[in-house]
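Summary of the model geometry
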Amino acid sequence: RDPAAEARAIELLERFGLGDRTGEFPGTHSRGMRQKLALSLALALERPLTLLDEPFNALDIESQELLARLLRERCSGGGAVLLTGHQRDLASFLDARVVAIRDGRLHLALPGA
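This write-up is about the structure you can find in this document. (Residues numbered from 1 in each chain as written. Predicted model: local features only at pLDDT ≥ 70, side-chain atom pairs only at ≥ 80, totals over all residues. Heavy atoms only, no water.)

Bringing the overall build of the chain into the picture now. Each helix and strand in the chain was counted, giving four helices and four strands. The linear arrangement of helices and strands in the chain, starting from the amino end, is α-α-β-α-β-α-β-β. Judged by the C-alpha coordinates and their principal axes, the chain covers about 45 × 30 × 25 Å. Out of the 113 residues belonging to the chain, those deemed buried represent 31%. As presented, the chain carries roughly 7900 Å² of accessible surface, and 54% of it is formed by carbon and sulfur atoms. Looking at the chain, you have 15 positive and 16 negative side-chain charges, and the mean spots of the two groups are 6 Å apart. (Helix = DSSP H or I, 4+ residues; strand = E, 2+ residues; numbered from the N terminus. Buried < 20%, exposed > 50% of the residue type's maximum accessible area, 1.4 Å probe, protein only. Areas by Shrake-Rupley, 256 points an atom, 1.4 Å probe, with all protein chains shown as cover. Lys, Arg positive; Asp, Glu negative; His and termini not counted. Charge placed at Lys NZ, Arg CZ, Asp CG, Glu CD.)

Following this line, the structure appears as structure tokens:
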């Protein structure tokens, strides 16, 4: 219902290097390419809260850096991002607050912990 979302999705696909692959079926793409497609579609919606499950998985370093920039931009623009991840350095990479689940309870993770 957001006409601008399609244009944003196309722009994100271009930034992720998939702009020339829009006519292809996702099933023919690698896991990393499908991840970039999914992220482009999700981020194009520009909702106040973006939920992402393991968004850095299967991405090459360049795409990880682009995604980190996009997420920081989303947050600095007033949006919020909640994501899951298992990479230890993810918090410092994103300059983000980290909440950990231990023994079924949420804990604010301390820097370097």
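The subject of this paragraph is helix 1 (residues 3–15). Listed in full, the buried residues belonging to helix 1 are Ala-5, Arg-8, Ala-9, Leu-12 and Leu-13. Seen from one end, helix 1 has its buried residues packed into an arc of 140 degrees, which puts them on one side. Away from the buried face of helix 1 by more than 90 degrees, exposed residues Pro-3, Glu-6 and Ala-7 are located. On its buried face, helix 1 sits against helix 2 (31–44) and helix 3 (61–76). Positioned one or two residues after helix 1, Gly-17 has a phi angle of 80 degrees, which is positive. (Arc of directions from axis to C-beta. Contact = heavy atoms within 4.5 Å.)

For the rest of this paragraph, the subject is the environment of Arg-21. By secondary structure assignment, the location of Arg-21 is in the loop between helix 1 and helix 2. A sequence separation of 65 residues divides Arg-21 from His-86, and the C-alpha atoms of the two residues are 30 Å apart. Those residues within four positions of Arg-21 in sequence are excluded, and the remaining contacts are His-29 and Met-33. For Arg-21, the side chain forms a polar contact with the side chain of Glu-24, separated by 2.9 Å. (Polar contact = N/O pair within 3.5 Å; in protein donor to acceptor, adjacent residues only side chain to side chain.)

Once that is clear, we can look at a nonpolar patch on the surface. A cluster of nonpolar side chains, namely Val-99, Ile-101, Leu-106 and Leu-108, defines an oily patch on the protein surface of about 470 Å² accessible area. Of all the elements in the fold, those that place two or more residues in the nonpolar patch are strand 3 (99–102) and strand 4 (105–108). Inspection of the secondary structure puts Val-99 in strand 3. (Patch = residues over 30% accessible without salt bridge, like charges linked within 9 Å, V, L, I, M, F, W, Y side chains within 5 Å. Salt bridge = Lys/Arg side-chain N within 4 Å of Asp/Glu carboxyl O.)

Right, let's talk about the environment of Thr-50 for a bit. Mapped onto the secondary structure, Thr-50 falls in strand 1 (residues 49–53). For Thr-50, a relative accessible area of 6% puts it in the buried group. It is 8.9 Å that separates the C-alpha atoms of Thr-50 and Arg-74, two residues lying 24 residues apart in sequence. The residues contacting Thr-50, other than those within four sequence positions of it, are Leu-43, Arg-74, Ala-80, Val-81 and Leu-82. In this structure the side chain of Thr-50 is engaged in a polar contact, spanning 2.7 Å, whose partner is the side chain of Arg-74.

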